[in-house]
Amino acid sequence: MRNRHETFYKMVVDKGMFPSVNSLKFYTKMIFKNFSFENKSILDIGGGSGILSYYAVLNGASRAVCVDPFVDRSSLSKGRMLPELNGVPELSNVEFMSVTFNSFDPGDELFDMILLHN
């Protein structure tokens, strides 16, 4: 597990999405302090490249849905910034939806945690 985390941290920093591994570790540790992702479903609103969605799944979330209207067109989209993660089986339960929050329809699905960050 630790190796996957380190690979993820390094990949995010190497892509210029965070200034350093230590700052990313500190950031995620502080915002998710005392929260267990184990078997939780996550809705990541405005998640862009999905950094926090991937982090949640790496830490045991059963599913993460990243909703961002620019996910397909943005230079920060999953396919452009983190293509290395597209085929990783452990991360296959991160779903990206290119829609606004107002047009997002979860159907009957409920989420254990909703992330909204900038």
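Provided above is the structure to which this section pertains.
If you're wondering where the values come from, they're calculated on a predicted model, not measured in any experiment.

What follows deals with the pattern of salt bridges. The final tally for this structure, using the stated rule, is four salt bridges. Note that Glu 95 is salt-bridged to Arg 63, the shortest N-O span being 2.2 Å. Of the two residues, Glu 95 sits in strand β3 (residues 94-97) while Arg 63 sits in strand β2 (residues 63-67), which places them 32 residues apart along the sequence. A salt bridge links Arg 63 to Glu 109; the nearest nitrogen and oxygen atoms lie 2.4 Å apart. With Arg 63 in strand β2 and Glu 109 in the loop between β3 and β4 (113-116), this pair connects stretches of sequence that are 46 residues apart. The exposure class of Arg 63 is partly exposed, given its relative accessible area of 25%. For Glu 109, a relative accessible area of 30% puts it in the partly exposed group. What you see here is one network of salt bridges that share partners, running through Arg 63, Glu 95 and Glu 109.

Calculation criteria
- Residues numbered from 1 in each chain as written.
- Predicted model: local features only at pLDDT ≥ 70, side-chain atom pairs only at ≥ 80, totals over all residues.
- Heavy atoms only, no water.
- Salt bridge = Lys/Arg side-chain N within 4 Å of Asp/Glu carboxyl O.
- Helix = DSSP H or I, 4+ residues; strand = E, 2+ residues; numbered from the N terminus.
- Buried < 20%, exposed > 50% of the residue type's maximum accessible area, 1.4 Å probe, protein only.

Limitation: the analysis is restricted to geometry and does not speak to function.
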